[in-house]
Amino acid sequence: MGQQPRVQYINSMVSGNLAYQPEREQSKRTRLPRQRRAVTYVFPVDVAAIAAILICIALLAGMLSGLGALQSAWAELWTLEDYTESLREENARLREEYASGYDPEEIQEIAEAMGYIPIEQAQHITITLSRPEPEPELSAWEQFCEFVAELFAYYPD
């Protein structure tokens, strides 16, 4: 008996996996291993949260600059307090010097040398002043009515 030919029938109703596929010749070249996909990490980003963080950073920067301005203001305050204290001390020293050097007879002699006369010899003049009484102020409603009348140039009788 001889060999019978191998007959294969292709059924059109067979799924693609069971269909006849000719054998492929394997190449004698060596194959490189498949490259692994790079692992990517995905982080969900919330735009509102990032905006809030940026606003917080801006506010922090403003607060720090304000803190620096406050520190310089305190330094200036301390400097001015020291200056005020030195002025008070100098004022007290000058008052003491003035009180110790105050001699009424000497001052009278200097004034007479300058041409001053005693108060008893001065001529007295009486002046009477009079001022007109102020006009009474208008109420808010009267001021508003006057404003409207002037605005529309309407003068009621």
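Residues numbered from 1 in each chain as written. Predicted model: local features only at pLDDT ≥ 70, side-chain atom pairs only at ≥ 80, totals over all residues. Heavy atoms only, no water.

1. Digging into the overall build of the chain
Thinking step 1. Counting secondary structure elements, the chain contains 3 helices and 0 strands.
Thinking step 2. When its helices and strands are written in sequence order, the chain yields α-α-α.
Thinking step 3. Counting over 157 residues, the chain shows a buried share of 1%.
Thinking step 4. A total accessible area of about 17,400 Å² is found for the chain, and carbon and sulfur atoms account for 58% of it. (Helix = DSSP H or I, 4+ residues; strand = E, 2+ residues; numbered from the N terminus. Buried < 20%, exposed > 50% of the residue type's maximum accessible area, 1.4 Å probe, protein only. Areas by Shrake-Rupley, 256 points an atom, 1.4 Å probe, with all protein chains shown as cover.)

2. Digging into the pattern of salt bridges
Thinking step 1. One pass over the structure, following the stated rule, counts 1 salt bridge.
Thinking step 2. Glu 97 is paired through a salt bridge with Arg 93; the nearest N and O atoms lie 3.5 Å apart. Here the residue Glu 97 and the residue Arg 93 both occupy positions in helix α1 (residues 47–100), the gap between them amounting to 4 residues, near one helical turn. (Salt bridge = Lys/Arg side-chain N within 4 Å of Asp/Glu carboxyl O.)

3. Section: a nonpolar patch on the surface
Thinking step 1. Together, Leu 60, Met 63, Leu 64, Leu 67, Leu 70, Trp 74, Leu 77 and Trp 78 make up a nonpolar patch on the protein surface, roughly 820 Å² of accessible area in all.
Thinking step 2. On the secondary structure map, Leu 60 appears in helix α1.
Thinking step 3. Classification of Leu 60 as partly exposed rests on a relative accessible area of 43%. (Patch = residues over 30% accessible without salt bridge, like charges linked within 9 Å, V, L, I, M, F, W, Y side chains within 5 Å.)

4. Observations concerning the confidence of the model for the chain
Thinking step 1. Mean pLDDT over the chain: 83, with 82% of residues reaching 70 or higher.
Thinking step 2. Between the elements of the chain, mean pLDDT differs from a low of 86, seen in helix α2 (residues 104–114), to a high of 94, seen in α1. (pLDDT = per-residue confidence, 0-100.)

5. Some points on the packing of aromatic side chains
Thinking step 1. All told, the structure shown has 2 aromatic pairs when counted by the stated rule.
Thinking step 2. Between Trp 74 and Trp 78, the aromatic rings sit 6.0 Å apart at their centres with planes inclined by 35 degrees, giving tilted as the arrangement. In this pair, Trp 74 and Trp 78 are both assigned in helix α1, 4 residues apart and thus about one turn of the helix distant.
Thinking step 3. On the basis of relative accessible area, Trp 78 is assigned to the partly exposed category, the value being 47%. (Phe/Tyr/Trp six-rings, centres within 6.5 Å; stacked < 30°, edge-to-face > 60°.)

6. What about a negative patch on the surface?
Thinking step 1. Residues Glu 81, Asp 82, Glu 85 and Glu 89 make up a contiguous surface patch of negative charge.
Thinking step 2. Looking at the element boundaries, Glu 89 is found in helix α1. (Lys, Arg positive; Asp, Glu negative; His and termini not counted. Charge placed at Lys NZ, Arg CZ, Asp CG, Glu CD.)

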